Amino acid sequence: MTIRYVFLLLGFSSIFFSSCAQKSTSSIPSTIKKDKEMIQKEGLETATLGAGCFWCVEAVFQELKGVHSVVSGYTGGDIDFPNYKQITTGLTGHAEVAQLKFDPKIISFEEILEVFWSTHDPTTLNRQGYDVGTQYRSAIFYETEKQKVIAEKSKKEVATELWNDPIVTEITALGDFYKAEDYHQNYYTNNPNQGYCRAVINPKMEKFRKRFKDKLKTEEDYNIEEQKKNEKIYKTDAEWKAQLDEMQYYVLREQGTERAFTGKYWDNKKEGTYNCAGCKLPLFSSKTKFKSGTGWPSFYEPLEAKNVESEKDTSYGMVRSEVHCARCGGHLGHVFDDGPKPTGLRYCINSVSLDFEEEKP
Ligand code: FE
């Protein structure tokens, strides 16, 4: 049993056990591609790195200038759609990895690897500190021949210069990548007071920030990231169908309505944020939720006015204002002018259009 597992069982047991039943939601099959094909529309490249617990790896690379996104996930194993419970056995062959999208004009793959070598121990086989098992192995999963060459050179030169013992890092072609369960994403940011974060990740982050202070994101970088989060999202019907379940698709993309009292949030009294189920944009807060008696979650105002859009809807012989997510255009419900103070509005929203994120104590 690993140290992180102990922390999870002690401080996080309810979320852990309920989340373990979830299936991983996405797989990004990857084969080696020609280098030029790797430069995507936005000019971003991908790096997939295993360096022990992915909470740590994600936390480090999220702060690096030029890294646009980091997703925690699993790769390098033998079964399809593994979940966290399966990979913690160490029997599926998957490694916990962080998959980064980075801008090579700002940070090179070589520089990313320098951070990689400096922020974990690449000399311990299938182990990082107290975390033991093949899932914690040190690994670079390359996507192009160019990345492979760079990784091998960097292992021989940079890593060997930094470490006295032989480097055991595996350098392998990337196979299928599976995004980990939602509660593993942004783990350090969302759970700064959790035992493992305080005991293991905090000291690591301090060293990393000191050593790479010139490569960290600035406040302006974070502001730009924030702006990008709010940019609109356009997807084809086929893409939405692949992402959403049948009911979500019906309500979000076909302007449907769930039956009253059947959704999961109409009676939810927990504190937290209701995000768009289509694109995760934060839409409503539990603080403005009220008991409407309608059987649909009801709010008297959105979290931010710019995050929702409304338009007149005259279907079913009624005049109502239909409410949509401002980022992905997903249909959420309707807004009426018979709500409570202070706004007098009632945002009557389908549960299925929402994704509730409980506030951490
Ligand atoms: Fe949305």
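See the structure printed just above.
Remember, it's a predicted structure, so these values are computed and weren't measured experimentally. (Residues numbered from 1 in each chain as written. Predicted model: local features only at pLDDT ≥ 70, side-chain atom pairs only at ≥ 80, totals over all residues. Heavy atoms only, no water.)

A. Looking closely at the overall build of the protein chain. Assigned secondary structure in the protein chain consists of twelve helices and 18 strands. The buried share among the 361 residues of the protein chain stands at 46%. Residue pairs in contact within the protein chain that sit at least 24 positions apart in sequence constitute 69% of those at least 6 positions apart. Per element, the accessible surface of the protein chain, about 18,800 Å² overall, is 52% carbon and sulfur. (Helix = DSSP H or I, 4+ residues; strand = E, 2+ residues; numbered from the N terminus. Buried < 20%, exposed > 50% of the residue type's maximum accessible area, 1.4 Å probe, protein only. Contact = heavy atoms within 4.5 Å. Areas by Shrake-Rupley, 256 points an atom, 1.4 Å probe, with all protein chains shown as cover.)

B. Focus on the packing of helix α6 (residues 109-118) against helix α7 (residues 145-162). Contact geometry of α6 with α7 gives a least axis separation of 10 Å together with a crossing angle of 40°. Our classification of the angle between α6 and α7 gives oblique. The two elements α6 and α7 meet at a crossing, and its hand is right-handed. Of the residues in α7, those in contact with F109, E110, L113, E114, W117 and S118 of α6 are Q147, I150, A151, S154, K155, V158, A159 and L162. Tallied by class, the residues present in the contact of α6 with α7 amount to eight nonpolar, three polar and three charged. (Axes fitted to C-alpha atoms, helices over the stretch in contact; angles between N-to-C directions. Parallel < 35°, antiparallel > 145°, perpendicular 65-115°, else oblique. Left-handed = near helix turned anticlockwise from the far one by under 90°. Nonpolar A, V, L, I, M, F, W, Y, C, P; charged D, E, K, R; others polar.)

C. Geometry of the sheet that holds strand β11 (residues 282-285). The three strands are arranged β11-β10-β18 in an open sheet whose pairing can be described as antiparallel. The sheet is open, and its two borders are formed by β11 and β18 (354-358), each paired with just one other strand. The average angle at which neighbouring strand axes cross in this sheet is 30°, direction not considered. (Pairing = 2+ DSSP bridges.)

D. Quick look at the pattern of salt bridges. One pass over the full model with this rule turns up 13 salt bridges. One salt bridge in this structure joins K105 and D103, with 3.3 Å as the shortest N-O distance. Classification of D103 by relative accessible area gives buried; the value is 9%. (Salt bridge = Lys/Arg side-chain N within 4 Å of Asp/Glu carboxyl O.)

E. Highlighting helix α12 (residues 246-254). Buried within α12 are the following residues: Q248, Y249, V251 and L252. On the buried face of α12, the contacting elements are α11 (237-243) and β16 (331-336). For α12, the N-terminal capping position is held by D245, with its side-chain oxygen 3.1 Å away from the main-chain nitrogen of M247. Backbone geometry just downstream of α12 places Q255 in the positive-phi region, at approximately 60°. (Polar contact = N/O pair within 3.5 Å; in protein donor to acceptor, adjacent residues only side chain to side chain.)

F. Layout of the coordination of the iron ion. The protein atoms that coordinate the iron ion are C276 (SG), C279 (SG), C325 (SG) and C328 (SG), at distances spanning 2.3 Å. With four donor atoms in place around the iron ion and angles of 101 to 116° between them, the coordination shape is tetrahedral. Counting the intervening residues between successive donors of the iron ion yields the motif C-x2-C-x45-C-x2-C. Of this pair, C279 sits in the loop between β10 (272-276) and β11 while C325 sits in strand β15 (residues 320-325); the two residues are 46 residues apart in sequence, bridging distant segments of the chain. The burial state of C279 is the same as that of C325; both residues are buried. (Donors = N, O, S within 2.8 Å, 3.2 Å for Na, K, Ca; no water. Tetrahedral: all angles 85-135°; square planar, octahedral: opposite > 155°, others 65-115°.)

G. Quick look at helix α9 (residues 195-211). For α9, which comprises 17 residues, the first-to-last C-alpha distance of 24 Å matches the rise-based estimate of 24 Å (1.5 Å per residue) to within 8%. When the local axis directions of α9 are compared, the greatest deviation, roughly 40°, occurs at I201, which is followed within four positions by the proline P203. With a side-chain oxygen positioned 2.8 Å from the backbone nitrogen of Y196, the residue opening α9 is Q194. (Expected span 1.5 Å × (residues − 1). Bend = angle between axes of the 7 residues up to and from the residue.)

H. Quick peek at the nonpolar core. By size, the foremost hydrophobic cluster in this structure holds 45 residues, and its most contacted members are F61, L100, L113 and I201. Examining the composition of this core, we find that seven residues originate from one element, helix α4 (residues 54-62), more than from any other. In contact with L100, other than residues within four places in its own chain, are E45, T46, A47, L49, F61, V67, S69, V70 and I112. Residues W240, F299, V308 and Y347 belong to the second largest nonpolar core, which totals 23 residues. (Core = buried A, V, L, I, M, F, W, Y, C linked by side-chain atoms within 4.5 Å.)

I. Region of interest: the layout of surface pockets. In this structure, the second largest pocket spans a volume of roughly 420 Å³. Along its surface, the second largest pocket is lined by 22 residues, and T119, H120, Q128, V200 and K204 are the ones closest to its centre. For the lining of the second largest pocket, the element with the most residues is α9, which contributes seven residues. Here the lining of the second largest pocket is composed, by residue class, of eleven nonpolar, six polar and five charged. (1 Å grid on protein atoms, 1.4 Å probe; cavity = no way out; pocket = protein on both sides within 12 Å on 5 of 7 lines; lining within 4 Å. Points joined across faces, edges and corners; volume = space filled by probe spheres on them.)

J. Quick peek at empty space enclosed by the protein. Counting across every chain of the model gives one cavity of 30 Å³ or more. Roughly 40 Å³ of internal volume is contained in the largest cavity. Forming the walls of the largest cavity are A51, C56, V57, V60, F61, T119, H120 and K204. Here the lining of the largest cavity gets four residues from one element, more than from any other, and that element is α4. Counted by class, the lining of the largest cavity contains five nonpolar, two polar and one charged residues.

K. Local environment of the pairing of strand β3 (residues 67-75). Of the pairings in the sheet, the one linking β3 to strand β4 (residues 95-102) comprises eight bridges and is antiparallel in character. Across the sheet, the residue bridging to G73 is V97, located in β4. In terms of strand pairing, β3 meets strand β9 (residues 177-179) through three bridges, oriented antiparallel. Across the sheet, G73 pairs through a bridge with K179, a residue of β9.

L. Up close: unusual backbone geometry. With an omega of 5°, the peptide bond between K341 and P342 qualifies as cis. Checked against the element boundaries, P342 lands in the loop between β16 and β17 (346-349). One non-glycine residue, N186, lies in the positive phi region at around 55°. As for its position among the elements, N186 is in the loop between β9 and α8 (187-190).

Everything listed here is a matter of geometry and, on its own, says nothing about what the molecule does.
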